[in-house]
Amino acid sequence: MATILGIESSCDDTSASICIDGLIASNIIANQLVHQNYGGVVPELASRVHQQNIVPAVQEAISKAKIHKNDIDAVAFTRGPGLLGSLLVGTSFSNAFALANNLPLIEVNHMQAHILAHFIDDKPEFPFLCLTVSGGHTQIVLVRDYFDMEVIGETTDDAAGEAFDKTAKILGLPYPGGPLIDKYAKLGNPNAYKFPEPQIPGLDFSFSGLKTSIMYFVRDQVKKDPDFLANNMNDICASVQERIVTILLNKLKKAAAEYKINRVAIAGGVSANSGLRDALNSTAVELGWEVFIPQFQYCTDNAAMIAIAGYYKYLKKEFVGQDIAPLARMYF
Ligand code: KG4
Ligand code: ZN
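Residues numbered from 1 in each chain as written. Chains lettered and ligands numbered in written order. Predicted model: local features only at pLDDT ≥ 70, side-chain atom pairs only at ≥ 80, totals over all residues. Heavy atoms only, no water.

K.L.:
Which residues make up the packing of aromatic side chains, and what are the values?
P.N.:
The description of an aromatic ring pair rests on the distance of the ring centres and on the angle between the ring planes. Counting across every chain of the model gives 15 aromatic pairs. Taking the centre distance of 4.1 Å and the plane angle of 15 degrees together, the rings of Tyr146 and Tyr312 count as stacked. Highlighted residues: Tyr146 in the loop between strand E7 (138-145) and strand E8 (148-154) and Tyr312 in helix H9 (residues 304-315), separated in sequence by 166 residues. Owing to a relative accessible area of 11%, Tyr312 belongs among the buried residues under this scheme. Put simply, the rings of Phe119, Phe126, Phe128, Tyr146, Tyr311 and Tyr312 pair up and form one aromatic cluster. The ring of Phe296 has Arg277 lying over it, and the distance from NZ or CZ to the ring centre is 4.0 Å. (Phe/Tyr/Trp six-rings, centres within 6.5 Å; stacked < 30°, edge-to-face > 60°. Helix = DSSP H or I, 4+ residues; strand = E, 2+ residues; numbered from the N terminus. Buried < 20%, exposed > 50% of the residue type's maximum accessible area, 1.4 Å probe, protein only. Lys NZ or Arg CZ within 6 Å of the ring centre and 35° of its normal.)

Below you can see the structure in the form of C-alpha cells.
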C-alpha cells in the first residue's frame, strides 16, 4: 500500500491530491481569480494566494479521500519549472509536512507530470509521443518509460497557450483567453481568415510571428470598421484556433513519421482545447494512430498528476532530502 500526498503550486493554481496505490482518491484545485484584473499572472500575488490556499486545499484533499493524515506514506511536490515564489510555497509546505510527519519527500518535474497524467486512467504503452502544450511550454516528447523522456521538438519563442492568451488580449478578452477562444471558435468559421504557418525546420515550433500577424490584421480591420471585432469575434477565434491547431498537428505528424511511432498523446492546459482534441481524433482515423487525450480535469494544472508521478517514484524509492530547493527552470 502506498498513499501519496501530491502538491502543485507552480503557477496560479494551488492544488492538493491523494493517490492511493496508483488511483486518484481526491484532486482539489483552488483557482486564483485575482489575476483576471491584470491580463496575466502576477507572480507576487500568486505566491501570496498560494500561501492562503495551501493548508485548506490539503485538508480538503485528505478529507475527500476519506483518509487520515497518518495514512500518508510520502509527499510529492512540484520542484519546477514555474514561478519561483509560487514553487517556494509548495516546496516549503511539503518540506514542513514531511518533517513533521516523518515522511519521505519526492520531487516532481511539472512537465513530466503533465505527461504522467496519462497513467491516471487508460495507460499508454511505451514508447509513445506526447505533445505537451501549456501556458509556458510547447514540446514534443519521446516517452520511453515513466522517467525516461526526451524533448525532440519545442518552441523557439512563445508557447501555444501564450499564443491563445496573447491573441485573446489583442481581441480584448480577459485572461486566461485560451478557454474563451475555444468557446467562440465553436460558433465560427475556421476558414474565414487565413493566418500564416511559420516555416520552422525540424520539429520545433514558433508562435511569435502568428501573434504579430494577428495584431496587424486586427489593427488594419478595425481602422476600416470600428465594429469589426464585435461583429466577427467567432470567425476570428475559429480561424486563429485552426492555425494554432494545424501548426501543432503538422509537427506531431512529422515526429510520428520520423520516429515511426503511432501512439500519440496530448497533455497540458491547451490539450483541453476542443479544436485540438477533434483534430487529433481525426488524424488518428486518417493515419491509424492510437491516441490518448486526458480528462479535462487533468489537462490544466492539478496535483493529481504530481501525486501519480510521485507514486511511480515512490515505487523506485526515489526520495530527496530536506535541503531541496525549487527550480524556476528545470529540465529532464
Ligand atoms: O498547463 P496549464 O494549466 O498551466 C501551465 O503550466 O502553463 O496551461 C494553461 C494554459 C493557458 O495558456 C490557457 O489559456 C490554456 O492553457 N488553455 C486553453 C484551454 N484551456 C486552457 N487553451 C486553449 N483552449 C482551451 N480550452
Ligand atoms: Zn502546467
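After that view of the structure, there is still more to cover.
K.L.:
Hey, could you go over the coordination of the zinc ion (ligand 2) for me, with residue numbers and the actual values?
P.N.:
The zinc ion (ligand 2) binds to the protein through His110 (NE2), His114 (NE2) and Asp301 (OD); the donor distances cover 2.0 to 2.2 Å. Counting the intervening residues between successive donors of the zinc ion (ligand 2) yields the motif H-x3-H-x186-D. In this pair, His110 and His114 both sit in helix H3 (residues 110-116), 4 residues apart, roughly one turn of the helix. The exposure class assigned to His110 is buried, which follows from its relative accessible area of 6%. (Donors = N, O, S within 2.8 Å, 3.2 Å for Na, K, Ca; no water.)

K.L.:
Outline H9, listing residues and values.
P.N.:
An α-helical turn contains 3.6 residues, so a residue and the one three or four places further along point in the same direction. With 12 residues, H9 should reach 16 Å at 1.5 Å per residue; the first-to-last C-alpha distance of 17 Å fits that figure. Burial runs high along H9: 10 of the 12 residues are buried. When we look at burial in H9, the residues that qualify are Ala304, Met305, Ile306, Ala307, Ile308, Ala309, Gly310, Tyr311, Tyr312 and Lys313. On its buried side, H9 packs onto strand E1 (3-8), strand E2 (13-20), strand E3 (23-31), strand E4 (74-80), strand E5 (105-109) and H3. Looking at the residues trailing H9, positive phi occurs at Lys317, about 55 degrees. (Expected span 1.5 Å × (residues − 1). Contact = heavy atoms within 4.5 Å.)

K.L.:
An account of the nonpolar core is needed here, citing residue identities and associated values.
P.N.:
Grouped together as the largest cluster of nonpolar side chains are 47 residues, with contacts concentrated most on Leu131, Leu171, Phe207, Ile244, Leu248 and Leu276. For this core, the elements supplying multiple residues, two or more each, are strand E6 (128-133), E7, helix H4 (160-170), helix H5 (178-185), helix H6 (208-224), helix H7 (228-259), strand E9 (263-267) and helix H8 (274-287). Considering every element that reaches this core, the biggest residue donor is H7, with 15 residues. Excluding its chain neighbours within four sequence positions, the residues that come into contact with Leu171 are Val218, Leu229, Met233, Ile236 and Cys237. Within the second largest apolar cluster, 30 residues are counted, among which are Cys130, Tyr298, Ile306 and Ala307. (Core = buried A, V, L, I, M, F, W, Y, C linked by side-chain atoms within 4.5 Å.)

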